[in-house]
Amino acid sequence: MSQKKRGLVIAIDGPSGAGKSTIAHLLAKRLGYLQIDTGAMYRAVAVLISRTALDLADLDAVQRFCADLNVRLETVAGCQKVFANGQEVTSQIRTAEVSVMTSRISALKPVRDALLLAQREMGRDGGVVLEGRDIGTVVFPDADLKFFLTASPEVRGKRRYDEMIARGEQVTLRETIEAAVQRDAQDTQRDIAPLKQADDAIAIDSSDIGIEDVVDRMEAFVREKTAQRESYS
Ligand code: DC
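Criteria and cut-off values
- Residues numbered from 1 in each chain as written.
- Predicted model: local features only at pLDDT ≥ 70, side-chain atom pairs only at ≥ 80, totals over all residues.
- Heavy atoms only, no water.
- Near = heavy atom within 4 Å.
- Polar contact = N/O pair within 3.5 Å; in protein donor to acceptor, adjacent residues only side chain to side chain.
- Areas by Shrake-Rupley, 256 points an atom, 1.4 Å probe, with all protein chains shown as cover.
- Helix = DSSP H or I, 4+ residues; strand = E, 2+ residues; numbered from the N terminus.
- Nonpolar A, V, L, I, M, F, W, Y, C, P; charged D, E, K, R; others polar.
- Pairing = 2+ DSSP bridges.
- Contact = heavy atoms within 4.5 Å.
- Axes fitted to C-alpha atoms, helices over the stretch in contact; angles between N-to-C directions.
- Expected span 1.5 Å × (residues − 1).
- Buried < 20%, exposed > 50% of the residue type's maximum accessible area, 1.4 Å probe, protein only.
- Arc of directions from axis to C-beta.
- Parallel < 35°, antiparallel > 145°, perpendicular 65-115°, else oblique.
- Left-handed = near helix turned anticlockwise from the far one by under 90°.

Novice: Tell me about the site of the ligand, and name the residues and values.
Specialist: Close to the ligand lie 16 residues, the nearest being Arg 43, Arg 112, Arg 133, Asp 134 and Arg 190. In this structure, Asp 134 approaches the ligand through a side-chain N or O atom, which is 2.8 Å from a nitrogen atom. Here the ligand loses 98% of its free accessible area of 450 Å² to cover by the protein chains. When residues of the shell around the ligand are traced back to their parent elements, those giving at least two are helix H2 (38–50) and helix H4 (96–105). The greatest single-element share of the shell around the ligand, amounting to 4 residues, is contributed by H2. Per-class residue counts for the shell around the ligand are 1 nonpolar, 7 polar and 8 charged.

So, in structure tokens, the structure goes:
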């Protein structure tokens, strides 16, 4: 007999700046679920790799590097902390350089394989909101609910720009929009686990609706799904 799950597995995929992290955080909080920011995990690997002289074209070397990889997310007082091979890298993962490096290393199979296993393990028991690019298509193709969150490039670029300015980075709006569009193209066009809407995902465009409204919509789907599941069991 299968063990009863603690809650649903909820996948939120979409391009950068669509609001996934904020929305996943709020939704997880409302539901008492765990939020798993898989982008933060890829970013943590990028920070580690950028401290080495690893040749990204040498897949055997990347494979050896990934054999010892250990990326962990921890929520402390409502804030998510990211650890890579035992070191906390939370404050280093959101810079423009790390974003570029993350897009490159997230196209490498050994990196994806290593994080895929870790993500499946974290979500195994349910009660989780996982956000990323390939959650509904690759990591949890049988997720109980899948959302695909989008927004126009201008809105997404502006959100990233505001975040970066708030952190004290020197960037222009134009270059932030261009960089976001370029990274999304790379994420969409890569061979392994590209950014793609799952056939059974619910698409939500967050360009013109507030974050709380998006979370309300998602929560309504979650409540409906949970009620359905309870009526079958
Ligand atoms: O969500 P984010 O912007 O923090 O993601 C950073 C990068 O990691 C982005 O270029 C896409 C990549 N990524 C991925 O390939 N697969 C995921 N599940 C999550 C993120």
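Novice: Just give me the short version of the sheet that holds strand E5 (residues 87–88), but keep the residues and values in it.
Specialist: Spatially, the 3 strands line up as an open sheet ordered E3-E4-E5, and their pairing is antiparallel. Unpaired on one side and paired on the other, strand E3 (71–76) and E5 mark the two borders of the sheet. Pairing of strand E4 (residues 79–84) with E5, which is carried by 2 bridges, proceeds in the antiparallel orientation. When the sheet's bridge partners are listed, Ala 84 is paired in E5 with Gln 87. Seen against the sheet, H2 touches E3 and E4 and runs at an angle of roughly 120 degrees to E3.

Novice: Describe the environment of Lys 158, naming the residues involved and giving the relevant values.
Specialist: Position of Lys 158 relative to the elements: it lies in helix H7 (residues 153–166). Separated by 141 residues in sequence, Lys 158 and Gly 17 place their C-alpha atoms 8.2 Å apart. The contact partners of Lys 158, leaving out residues within four places of it in the chain, are Leu 173 and Ile 177.

Novice: Lay out helix H9 (residues 211–232) in plain terms, naming residues and giving numbers.
Specialist: The terminal C-alpha atoms of H9, which comprises 22 residues, lie 32 Å apart, in line with the 32 Å expected from a rise of 1.5 Å per residue. Of all the positions in H9, only Val 214, Val 215, Met 218, Glu 219 and Val 222 are classed as buried. Down the axis of H9, the sector holding all buried residues measures 130 degrees, keeping them to one side. Buried residues along H9 sit against strand E1 (9–13), helix H1 (20–31), strand E7 (145–150) and strand E8 (202–205).

Novice: Before we move on, can you summarise the packing of H2 against helix H5 (residues 109–123) with the specific residues and values?
Specialist: Where H2 contacts H5, the axes come no closer than 11 Å and their chain directions differ by 140 degrees. With respect to H5, the element H2 is oriented oblique. Considering the relative orientation of H2 and H5, their crossing is right-handed. Two secondary-structure elements touch here, H2 through Thr 38, Met 41, Tyr 42 and Val 45 and H5 through Val 111, Arg 112, Leu 115, Ala 118, Gln 119 and Met 122.

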